[in-house]
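Breakdown of the fold
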Amino acid sequence: MINTAKGELKCHRCPVCNGYGCPGNMPGLGGVFENQNFQLNCDSWKKLYKEVGDEGNLSSLTSIKVEPSLLRCGPVTGAVENIGYANEEDFYFPYLNTTNTAGFGLCVGDGCPDKKLQLGIEALKKINESSSSPVKAAFFLKPYPDAKLSERIEWVKPYAEYIGIDIDSYNIVTMRNLVNLERKSAVQLENFRSQFNVPFVIKGVFTNEDIELVKEVGPDVVYISNHGGRVETRIGSSADFLKEHSSELKKYCKEIWVDGGIRTKKDVQTALYYGANKVIMARPLIRAVFDQTPEEFSKFYK
């Protein structure tokens with residue numbers, strides 16, 4: 001039963017969430033370019049799955065075992081403007097706690113105002129109050145000017161399993177003209193990395209220029225993403241980018257993570273087949289948490 005007391009979900013609840021029912025819904029759960037990359041993200045996993053079958057290798061793909069530990073929730077903020085919650089603070093604990101209960105890894109996002117990152121930290125603290133073992137998360141910080149980034153690092157370090165920089169988010173339409181975000185150089189990323197001792201993630205890898213940045217920096221994790229089709233970048237899907245570049249990228253990192261259009265266990269298996277070590281999803285989990293249907297989490301691994 002849908003709980004309408006906490007707001008109105010900015011989603012049409014289409015039978016299949018593939019970006020065709022919400023073109024241009026930003027703020028909201030839609031994407032840029034009239035949802036073109038959002039749609040491509042979803043469609044391309046199906047296309048790659050079919051290609052594997054056409055090549056006669058489908059049994060290799062479908063035999064891949066999917067454990068909850070291979071999955072993570074996306075680093076989501078903007079509960080009021082993007083999701084439809086009445087209050088920003090109502091989102092973070094249910095989202096992260098439901099994810100943790102399902103056995104998935106946690107990702108915490110950054111945003112404007114600073115309260116959004118701080119609410120993610122507070123939710124993690126609350127989870128740990130009732131946990132028998134420490135629960136940590138992958139934190140993804142926006143590319144603020146270096147002094148502000150250093151301040152944020154200090155906020156998240158006690159709770160961080162990974163710390164990453166969201167390299168493409170300077171180009172997010174919903175944050176434009178609100179804050180000063182910048183494109184980071186390899187030197188800046190190296191300085192950023194030197195301030196903590198957990199694995200470093202470069203998130204938002206989606207262009208040839210991003211690949212060159214990865215080669216220079218050599219992060220622990222490369223996170224392939226076009227922000228769910230929500231940044232104005234080239235036209236294409238994260239699925240195709242993974243297939244085309246995972247072998248090359250693995251020479252410069254220890255793990256590859258990917259998100260964008262993951263909707264089924266088959267999509268997860270396709271991502272793992274093509275070289276992903278972790279698979280991240282957001283929109284389906286957001287809806288499951290909002291609608292209080294946590295059983296939806298299990299469809300990605302059962």
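Above this text is the structure in question.
First, a word on what this report is: a plain description of the structure on this page. Worth saying up front: this structure is predicted, and the values here are computed from it rather than measured. (Residues numbered from 1 in each chain as written. Predicted model: local features only at pLDDT ≥ 70, side-chain atom pairs only at ≥ 80, totals over all residues. Heavy atoms only, no water.)

The subject of this paragraph is the overall build of the chain. Broken down by element type, the chain carries 11 helices and 8 strands. A compact globule built from 302 residues should have a C-alpha radius of gyration of about 19 Å, and the chain, at 18 Å, falls within 12% of that. Oriented by its inertia axes, the alpha-carbon framework of the chain measures out at about 50 × 50 × 45 Å. Here the chain holds 302 residues, and 53% of them are scored as buried. Accessible surface, the chain: about 12600 Å² in total, of which carbon and sulfur atoms supply 50%. Looking at the chain, you have 37 positive and 38 negative side-chain charges, and the mean spots of the two groups are 3 Å apart. (Helix = DSSP H or I, 4+ residues; strand = E, 2+ residues; numbered from the N terminus. Rg over C-alpha atoms; globule rule 2.2 N^0.38 Å. Buried < 20%, exposed > 50% of the residue type's maximum accessible area, 1.4 Å probe, protein only. Areas by Shrake-Rupley, 256 points an atom, 1.4 Å probe, with all protein chains shown as cover. Lys, Arg positive; Asp, Glu negative; His and termini not counted. Charge placed at Lys NZ, Arg CZ, Asp CG, Glu CD.)

Read across the sheet, 8 strands follow the order 1-8-7-6-5-4-3-2 without closing on themselves; strand pairing throughout is parallel. This sheet does not close on itself; its edge strands, each paired only once, are strand 1 (71-73) and strand 2 (107-108). Of the pairings in the sheet, the one linking strand 2 to strand 3 (residues 137-141) comprises 2 bridges and is parallel in character. From the neighbouring strand, Val108 faces strand 3, where its bridge partner is Phe139. Strand contacts of helix 5 (residues 115-129): strand 2 and strand 3, with the helix running at about 175° to strand 3, the strand carrying the most contacts. (Pairing = 2+ DSSP bridges. Contact = heavy atoms within 4.5 Å. Axes fitted to C-alpha atoms, helices over the stretch in contact; angles between N-to-C directions.)

Compared with an ideal rise of 1.5 Å per residue, which puts 19 residues at 27 Å, helix 1 (residues 36-54) spans 26 Å between its outermost C-alpha atoms and is within 8% of the ideal. If you look at helix 1, its biggest bend is around 25°, right at Asp43. Among all positions in helix 1, only Asn37, Phe38, Gln39, Asn41, Cys42, Ser44, Trp45, Leu48, Tyr49 and Val52 are buried. Residues of helix 1 that are buried sit in contact with helix 2 (58-62), helix 9 (238-249), strand 7 (255-258), helix 10 (265-273) and helix 11 (283-290). Gly56 occupies a position one or two residues after helix 1 and carries a positive phi of about 80°. (Expected span 1.5 Å × (residues − 1). Bend = angle between axes of the 7 residues up to and from the residue.)

This paragraph deals with the packing of helix 1 against helix 9. Here helix 1 crosses helix 9 at 45°, and the two axes come no closer than 7 Å. One element, helix 1, and the other, helix 9, form an angle in the oblique class. Contacts between helix 1 and helix 9 involve Asn41, Ser44, Trp45, Lys47, Leu48 and Glu51 on the former and, on the latter, Ser238, Ala239, Asp240, Leu242 and Lys243. (Parallel < 35°, antiparallel > 145°, perpendicular 65-115°, else oblique.)

In this sheet, strand 7 lies alongside strand 6 (residues 221-224) in parallel orientation, the contact comprising 4 bridges. Counterpart to Val222 in the pairing with strand 7 is Ile256. In terms of strand pairing, strand 7 meets strand 8 (residues 278-281) through 2 bridges, oriented parallel. Its bridge partner being in strand 8, Val258 is matched across the sheet by Val279. The parallel pair strand 7 and strand 8, bridged by helix 10, forms a crossover whose chirality is right-handed. (Right-handed = clockwise from strand over helix to strand, strands pointing away.)

Our focus in this paragraph is the pattern of salt bridges. Inspection of the entire model under this criterion finds 27 salt bridges. A salt bridge links Lys46 to Asp267, with the shortest nitrogen-to-oxygen separation between them at 3.0 Å. Residue Lys46 is located in helix 1, and its partner Asp267 is located in helix 10; the two are separated by 221 residues in the primary sequence. Take Lys46: its relative accessible area is 40%, and that puts it in the partly exposed class. (Salt bridge = Lys/Arg side-chain N within 4 Å of Asp/Glu carboxyl O.)

Let's shift gears to the environment of Ile211. Considering the arrangement of structural elements, one finds Ile211 in helix 8 (residues 208-217). For Ile211 and Cys14, which are 197 residues apart along the polypeptide, the C-alpha to C-alpha distance reads 35 Å. Beyond its immediate sequence surroundings of up to four residues, Ile211 is in contact with Phe241, His245, Glu248 and Leu249.

Next up on the list: unusual backbone geometry. Following Met26, the chain continues to Pro27 via a peptide bond in cis, the omega torsion being 5°. Tracing the backbone shows Pro27 in the segment before helix 1. Here the residue pair Cys112 and Pro113 is connected by a cis peptide bond, since its omega of 5° sits within 30 degrees of zero. The topology assignment puts Pro113 in the loop between strand 2 and helix 5. A positive phi angle is found at Asn35, which is not glycine, with a value near 70°. Relative to the assigned elements, Asn35 resides in the segment before helix 1.

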